[in-house]
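Examination of the molecular architecture
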Amino acid sequence: VKQAQIYDKQGADELCFLDITASSDKRNILFNVVKKTAQKCFMPLTVGGGVRSINDIRKLLLCGADKVSINTAAIRNPNLVKKSSNKFGNQCIVVAIDAKKVKKNNIFFGIKGKNKDGNKFANEAINKGASVAIIDKNYGKKNSNYQQM
């Protein structure tokens, strides 16, 4: 929360809080941190990590998140993107995609055995109602390289 306040005072446009291993580590969402951050900062807040259901999205929005980022759950339950954008509006649904360059394609590595083309998956997510798809093209490397679609 303190670091978010520093970013806020420095004029950051938006804060993205992504707990990127929450789903794989089976951790719960840090609702209390989201709520405290939203109370102390006055910039748009995108939160992701451990989001598994419509109820999780609802709770995050009630805690003060402006947007919710979905990764693993969007692969496991492709209809979650559509259902959540219909319920809450597509302006607050983001799909995060971990990809890495394999030959000429960006292959999405979300869940073991579910690899697919990252650009195709981003387009599918947008067609299902996500307002934004964020692709990390350097997944698994030291420095991430994010692209927004």
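With that out of the way, let us pick up the pairing of strand 1 (residues 15-18). Bridge count for strand 1 against strand 2 (residues 45-48) is 4 bridges, and the pairing is parallel. Of the residues in strand 2, the one forming a bridge with leucine 18 is glycine 48. On the question of chirality, the crossover connecting strand 1 to the parallel strand 2 by way of helix 2 (residues 31-40) is right-handed.

What follows covers helix 3 (residues 54-63). What helix 3 keeps buried is the set Asp56, Ile57, Leu60 and Cys63. The buried residues of helix 3 all sit within an arc of 125 degrees when viewed along its axis, so they share a single face. Glycine 64 sits one or two positions beyond helix 3 and adopts a positive phi of about 115 degrees.

As a further point, take the pattern of salt bridges. Under the definition given, this model contains 3 salt bridges. Residue aspartate 19 pairs with arginine 27 through a salt bridge whose shortest N-O separation is 2.5 Å. Between arginine 27 and aspartate 25 there is a salt bridge; the shortest N-O distance is 2.9 Å.

The rules behind the values
Residues numbered from 1 in each chain as written. Predicted model: local features only at pLDDT ≥ 70, side-chain atom pairs only at ≥ 80, totals over all residues. Heavy atoms only, no water. Pairing = 2+ DSSP bridges. Helix = DSSP H or I, 4+ residues; strand = E, 2+ residues; numbered from the N terminus. Right-handed = clockwise from strand over helix to strand, strands pointing away. Buried < 20%, exposed > 50% of the residue type's maximum accessible area, 1.4 Å probe, protein only. Arc of directions from axis to C-beta. Salt bridge = Lys/Arg side-chain N within 4 Å of Asp/Glu carboxyl O.

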